Amino acid sequence: MRRAFMKSPAKINLGLNILRKRDDGFHDIESIMYQLGLTDTLIFEKTDTFSFSTENLELSSDISNNLIVRAVRKLEEITGKHLDIKITLEKNIPMGAGLGGGSSNAAITLTALNELFGLDLTDAVLLRLAGHLGSDVPFFIKPAPAYATSRGEVLKRFAFELPYSIVLVNPGIHVSTPWAYKNVTPSMPETPLREWIEKGTFNAEELLGYLKNDFEIPVFTAFPEIKTIKEKLLQSGAIFALMSGSGSSVFALFDDPQKAEDAFTKFNKNYFTYIEVPE
């Protein structure tokens, strides 16, 4: 195989509890990560030199720090091979939005090049490499619902599907993840997500009662427009709404598909908006 087209999905955080700051400067968290049908497209083609291109000006202006390029370099470092590949990114997932788009791109690059070049790296090795690239990257090696702990890289996957329409709204506000961690106040939740996971009864309606995002407190204070979006989604008939990651995207769950469609149409006039309807 010399050419591959790969979809790179976004994720949302079904709850995000910031538990404590660690001695290494990172934070222990717990969250449930859930993949969306919203995707970027990555095109890989074997050539006689390495190149990366994208129409996204922000990504193309600083290639050395791009997670896709870093993923290629990490594979070259671990295998000792020079990987001549042309990578083209078609970007659809908003950046700096709490949706894991860059992390997803990195993970898909690891898995695609492992296959294209016959590197024969195991899932365990790919997960370890992914963890070096970023806390969210391991989730996207095999994106499926997962309970995430430690920095977010320790994953317990489980079968779970939201039976609701999902409406995602992104206002185009870039929230710095380091800033968000600096301003959040870690605390142990009254009911840890771990307890829900350990019960083994994955009832979506019951789950919603456990979910909060600790980043909402500092982010809503600094960027009140994001808080307003959440409030308006609830006013539009959503049974639940929450900011994803460190923001700025907010997702809402609707048990009425028509209300979801109406909300999508309304928000789509001013913001990047995505809708996903259960099959």
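Refer to the preceding data block for the structure.
Residues numbered from 1 in each chain as written. Predicted model: local features only at pLDDT ≥ 70, side-chain atom pairs only at ≥ 80, totals over all residues. Heavy atoms only, no water.

Chemist: Account for the nonpolar core, naming residues and giving values.
Modeler: Of all hydrophobic cores here, the largest spans 35 residues; its most connected members are Phe44, Leu75, Ile87, Leu110 and Leu113. If you list the elements that add at least two residues to this core, you get strand S2 (27–46), helix H2 (67–79), strand S4 (85–90), helix H3 (101–116), helix H4 (123–133) and strand S5 (146–149). No other element matches H3, which puts seven residues into this core. Discounting chain neighbours no more than four positions away, the residues touching Ile87 are Leu42, Ile43, Phe44, Phe50, Ser51, Phe52, Ser53, Ile68, Val72 and Thr109. Of all hydrophobic cores here, the second largest spans 29 residues; its members include Ala10, Ala97, Phe158 and Phe240. (Core = buried A, V, L, I, M, F, W, Y, C linked by side-chain atoms within 4.5 Å. Buried < 20%, exposed > 50% of the residue type's maximum accessible area, 1.4 Å probe, protein only. Helix = DSSP H or I, 4+ residues; strand = E, 2+ residues; numbered from the N terminus. Contact = heavy atoms within 4.5 Å.)

Chemist: So what's going on with the environment of Ser187? Residues and values would help.
Modeler: Note on placement: Ser187 falls in the loop between helix H5 (177–183) and helix H6 (193–199). A residue is classified by how much of its surface remains accessible, and Ser187, at 33% relative accessible area, is partly exposed. In this structure, the C-alpha to C-alpha distance between Ser187 and Glu276, residues 89 residues apart in sequence, is 32 Å. Here Ser187 is in contact with Ile18, Leu19 and Asp214, once residues within four sequence places are set aside.

Chemist: Describe the packing of H2 against H4, and please don't skip the residues or the numbers.
Modeler: Contact geometry for H2 and H4: axes closest at 10 Å, N-to-C directions at 130°. With respect to each other, H2 and H4 are oriented oblique. Crossing hand, H2 versus H4: right-handed. Contacts between H2 and H4 pair Leu67, Arg70, Ala71, Lys74, Leu75 and Ile78 from the former with Arg128, Leu129, His132 and Leu133 from the latter. Taken together, the residues that form the contact of H2 with H4 break down as six nonpolar, one polar and three charged. (Axes fitted to C-alpha atoms, helices over the stretch in contact; angles between N-to-C directions. Parallel < 35°, antiparallel > 145°, perpendicular 65-115°, else oblique. Left-handed = near helix turned anticlockwise from the far one by under 90°. Nonpolar A, V, L, I, M, F, W, Y, C, P; charged D, E, K, R; others polar.)

Chemist: If you had to explain the packing of H3 against H4 to someone new, which residues and values would you point to?
Modeler: The description of two packed helices rests on the angle between their axes and on the distance between the axes. Two numbers describe how H3 lies on H4: the axes approach to 10 Å, and their chain directions differ by 145°. Pair H3 / H4 crosses with right-handed handedness. Of the residues in H4, those in contact with Ala106, Leu110, Thr111 and Asn114 of H3 are Leu126, Leu129, Ala130 and Leu133.

Chemist: Which residues make up the sheet that holds strand S9 (residues 250–254), and what values go with them?
Modeler: Taken together, the four strands give an open sheet; going across it, the order is S8-S9-S7-S10, and neighbouring strands pair in antiparallel fashion. The open sheet has two free edges, formed respectively by strand S8 (240–243) and strand S10 (272–276), since each of these has just one partner strand. Within this sheet the neighbouring strands show an average axis-to-axis angle of 15°, counted without direction. Pairing analysis gives four bridges linking S8 to S9, with the strands arranged antiparallel. Bridge assignment links Phe240 to a residue of S9, and that residue is Leu253. Lying on the sheet, helix H10 (residues 257–267) is in contact with strand S7 (165–170), S9 and S10; it crosses S10 at an angle near 165°. (Pairing = 2+ DSSP bridges.)

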